[in-house]
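# Observations on the three-dimensional arrangement
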Amino acid sequence: MLTRKALAMMAIFTAVMISIFNFVGFPEHYGNLLWSLGAAAMLVITLVGNVWIFIAVAQDEPWQWGSEED
């Protein structure tokens, strides 16, 4: 159950980051080097944020795969 909560929170976080990405105007300036570096940094922040959210919310549940069968 915690895994589903984590995935839902990750989806919301990603949607917010995409909205910010579009609001700031990255799609219109993809040819500019500085804008591209800023977009790359924002994508890395999104990825690290999603990993952090998953680990913080799901905790140990995803790594207990075979425990019900024993």
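Structural data are supplied above this passage.
An account of the accompanying structure is given in this report. (Residues numbered from 1 in each chain as written. Predicted model: local features only at pLDDT ≥ 70, side-chain atom pairs only at ≥ 80, totals over all residues. Heavy atoms only, no water.)

### Description of the overall build of the protein
Secondary structure summary: the protein contains two helices and zero strands in total. On C-alpha atoms alone, the protein measures out to a radius of gyration of 16 Å, which is more than a quarter above the 11 Å that the 2.2 N^0.38 rule sets for 70 residues. Along the three orthogonal principal directions, the C-alpha set of the protein runs to about 55 × 20 × 15 Å. Counting every position in the protein, which comprises 70 residues, the buried fraction comes to 21%. If you take every contact in the protein between residues at least 6 apart in sequence, the share linking residues at least 24 apart comes to 67%. When the accessible area of the protein is evaluated, it comes to approximately 5500 Å², of which 72% is carbon and sulfur surface. (Helix = DSSP H or I, 4+ residues; strand = E, 2+ residues; numbered from the N terminus. Rg over C-alpha atoms; globule rule 2.2 N^0.38 Å. Buried < 20%, exposed > 50% of the residue type's maximum accessible area, 1.4 Å probe, protein only. Contact = heavy atoms within 4.5 Å. Areas by Shrake-Rupley, 256 points an atom, 1.4 Å probe, with all protein chains shown as cover.)

### Considerations on a nonpolar patch on the surface
Residues I12, V16, I20, F23 and V24 make up a contiguous nonpolar surface patch of about 520 Å² in total accessible area. Positionally, F23 belongs in helix α1 (residues 2–24). (Patch = residues over 30% accessible without salt bridge, like charges linked within 9 Å, V, L, I, M, F, W, Y side chains within 5 Å. Salt bridge = Lys/Arg side-chain N within 4 Å of Asp/Glu carboxyl O.)

### Section: the environment of N50
Relative to the assigned elements, N50 resides in helix α2 (residues 33–58). For N50, a relative accessible area of 12% translates into the label buried. Note: C-alpha distance between N50 and L7 (43 residues apart in sequence) is 8.8 Å. With near-sequence residues (within four places) excluded, N50 lies in contact with M10, F13 and T14. Only 3.0 Å separates the side chain of N50 from the side chain of T14, close enough to count as a polar contact. (Polar contact = N/O pair within 3.5 Å; in protein donor to acceptor, adjacent residues only side chain to side chain.)

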